Amino acid sequence: MFSLDLLLEAVVTGVLLGCFYAAVSIGLSVSFGLLDVPHVAHPAFLVLASYAVYFLNDSYEIDPLVAGLLITPLLFVFGLAAYRLYYETFERRGSDAAVRGIAFFFGVAFIIEVLIILHFGVDQRSVTASYIGKSWRFGDMRIPLRLMVAFAVATGLTVLLAAYLSRTFMGRAIRAVAQDEEAVRLMGANPVRIKQWAFGIATAVLGVAGALLIIVAPVDPTLDRAYIGRTFCVVVMAGLGSMTGTLIAAIILGIAETIVLTMFGASWAPAISFALLLGVLAVRPQGLLGRR
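If you're wondering where the values come from, they're calculated on a predicted model, not measured in any experiment.

## Some remarks on the overall build of the chain
- Looking only at helices and strands, the chain features 12 helices and two strands.
- When the helices and strands of the chain are placed in sequence order, the string is α-α-α-α-β-β-α-α-α-α-α-α-α-α.
- Here the chain has a C-alpha radius of gyration of 19 Å; the compact-globule value for 292 residues is 19 Å, and the two agree.
- Here the C-alpha coordinates of the chain stretch approximately 60 × 50 × 35 Å along the principal axes.
- Sorting the 292 residues of the chain into buried and exposed places 49% on the buried side.
- For the chain, the share of sequence-separated contacts (at least 6 apart) that also reach a separation of at least 24 residues comes to 76%.

## Overview of the environment of Val40
- With respect to the helices, strands and loops of the structure, Val40 is situated in the loop between helix H1 (4-34) and helix H2 (42-60).
- Look at Val40 and you get buried, because its relative accessible area is 13%.
- Counting along the chain gives 236 residues from Val40 to Leu276, while the straight-line C-alpha distance between them is 20 Å.
- With sequence-adjacent residues up to four places away left out, Val40 is seen in contact with Ile102, Phe105, Phe106, Ile228 and Phe232.

## Quick look at the packing of aromatic side chains
- Counted by the stated rule, this structure contains 18 aromatic pairs.
- Between the aromatic rings of Tyr86 and Phe104, the centroid separation amounts to 6.2 Å while the plane-to-plane angle is 35°, which identifies the pairing as tilted. On the criterion of sequence distance, the pair formed by Tyr86 in helix H3 (residues 64-89) and Phe104 in helix H4 (residues 97-120) is long-range, its members being 18 residues apart. The residues Tyr86 and Phe104 share a single accessibility class, namely buried.
- Here Phe104 and Phe105 contribute two aromatic rings whose centre-to-centre distance is 5.0 Å and whose plane-to-plane angle is 70°, an arrangement assigned as edge-to-face. Per residue, the accessibility class of Phe104 equals that of Phe105, and both read buried.
- Its guanidinium or amino end placed over the ring of Tyr227, Arg230 lies 5.4 Å from that ring's centre, counting from NZ or CZ.

## Let's talk about the packing of helix H8 (residues 191-204) against helix H9 (residues 206-216)
- At a minimum axis distance of 5 Å, the contact between H8 and H9 shows a crossing angle of 20°. The angle between H8 and H9 falls in the class roughly parallel. Between H8 and H9, the contacting residues are Ala202, Thr203 and Ala204 on the first element and Leu206, Gly207 and Val208 on the second.

## Focus on helix H11 (residues 243-264)
- The first and last C-alpha atoms of H11 sit 31 Å apart over 22 residues, in line with the 32 Å expected at 1.5 Å per residue.
- Buried within H11 are the following residues: Met243, Gly245, Thr246, Leu247, Ala249, Ala250, Leu253, Gly254, Ala256, Glu257, Thr258 and Val260.
- Buried-residue contacts for H11 involve H1, helix H5 (145-167), helix H6 (169-179), helix H10 (224-238) and helix H12 (272-283).
- With a side-chain oxygen positioned 2.9 Å from the backbone nitrogen of Gly245, the residue opening H11 is Ser242.
- Downstream of H11 by a residue or two, Gly265 has a phi angle that is positive, lying close to 105°.

## Side note on the state of the cysteines
- If you walk through the whole model with that rule in mind, you get zero disulfides.
- Cysteine Cys19 is unpaired, with the sulfur of Cys233 as its nearest cysteine sulfur at 16 Å.
- Residue classification places Cys233 among the buried residues on the basis of a relative accessible area of 1%.

## Topic: the pattern of salt bridges
- Counting across every chain of the model gives eight salt bridges.
- As a salt-bridge pair, Glu91 and Lys195 come within 3.3 Å of each other at their nearest N and O atoms. Residue Glu91 is located in the loop between H3 and H4, and its partner Lys195 is located in helix H8; the two are separated by 104 residues in the primary sequence.
- Of the charged contacts in the structure, one is a salt bridge between Glu181 and Lys195, with a shortest N-O distance of 3.6 Å. Within this pair, whereas Glu181 is found in helix H7 (residues 181-186), its partner Lys195 is found in helix H8, the two being separated by 14 residues in sequence.

Calculation notes
Residues numbered from 1 in each chain as written. Predicted model: local features only at pLDDT ≥ 70, side-chain atom pairs only at ≥ 80, totals over all residues. Heavy atoms only, no water. Helix = DSSP H or I, 4+ residues; strand = E, 2+ residues; numbered from the N terminus. Rg over C-alpha atoms; globule rule 2.2 N^0.38 Å. Buried < 20%, exposed > 50% of the residue type's maximum accessible area, 1.4 Å probe, protein only. Contact = heavy atoms within 4.5 Å. Phe/Tyr/Trp six-rings, centres within 6.5 Å; stacked < 30°, edge-to-face > 60°. Lys NZ or Arg CZ within 6 Å of the ring centre and 35° of its normal. Axes fitted to C-alpha atoms, helices over the stretch in contact; angles between N-to-C directions. Parallel < 35°, antiparallel > 145°, perpendicular 65-115°, else oblique. Expected span 1.5 Å × (residues − 1). Polar contact = N/O pair within 3.5 Å; in protein donor to acceptor, adjacent residues only side chain to side chain. Disulfide = S-S within 2.5 Å. Salt bridge = Lys/Arg side-chain N within 4 Å of Asp/Glu carboxyl O.

Right, here's the structure in full:
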């Protein structure tokens, strides 16, 4: 029987899981939502970051969250190079850049997956930390501590990125480019460099998100396929480019997935993201917090 206590536990777990979904989607909210880059390789970048965290944890016994922070500068540089290659090869050549860009990023995702398999194999990998494998008991509920860590870190990451985009000069420049690139160019700024910087940030935050991914559950080279639907669902449902909307949409998705998983089983849970997306777009096409 599906009791009220079971529903409450599903909701609490769903909120924690939703904040984790926000962390793994917020970079895509910048690259796709603000920059309009068809970044379908975002989940592959995420898995690559998780394996880098695993390598540091396994080889040097570095805490996964610390390892995620250590690889953040490298991911930022990687993002700068990836956008420059995309721009020079596709974006500067005309209006069909989005279609060809999808093929480009799919190719990048495939290359990353193959490289991970060649180096680490196909087996699942996990990390060790003091908070993994433990849980907190609240009455009859037991909440995994790793989800509590993911909740705290994901919330902080979302708040910091939202503050950066709204209160710093470069953050406002990124939003300006998203709204009117030609106006930014007429004001003497270089929109390509601004977008390159933004794409670097969108990739850099995957250092922390990748750490959370491997903290929450073991990873394997094909895990990006499971997250491509979830991340795009969160970003589109939120309203393209909305950091607050990303957090709200991710929590809604997390709660819905957990309730469906509890009531109907694991086989139905993956479909809920697309059902929610279609429902929100039918009622509010611009997303939860998007502008018309």
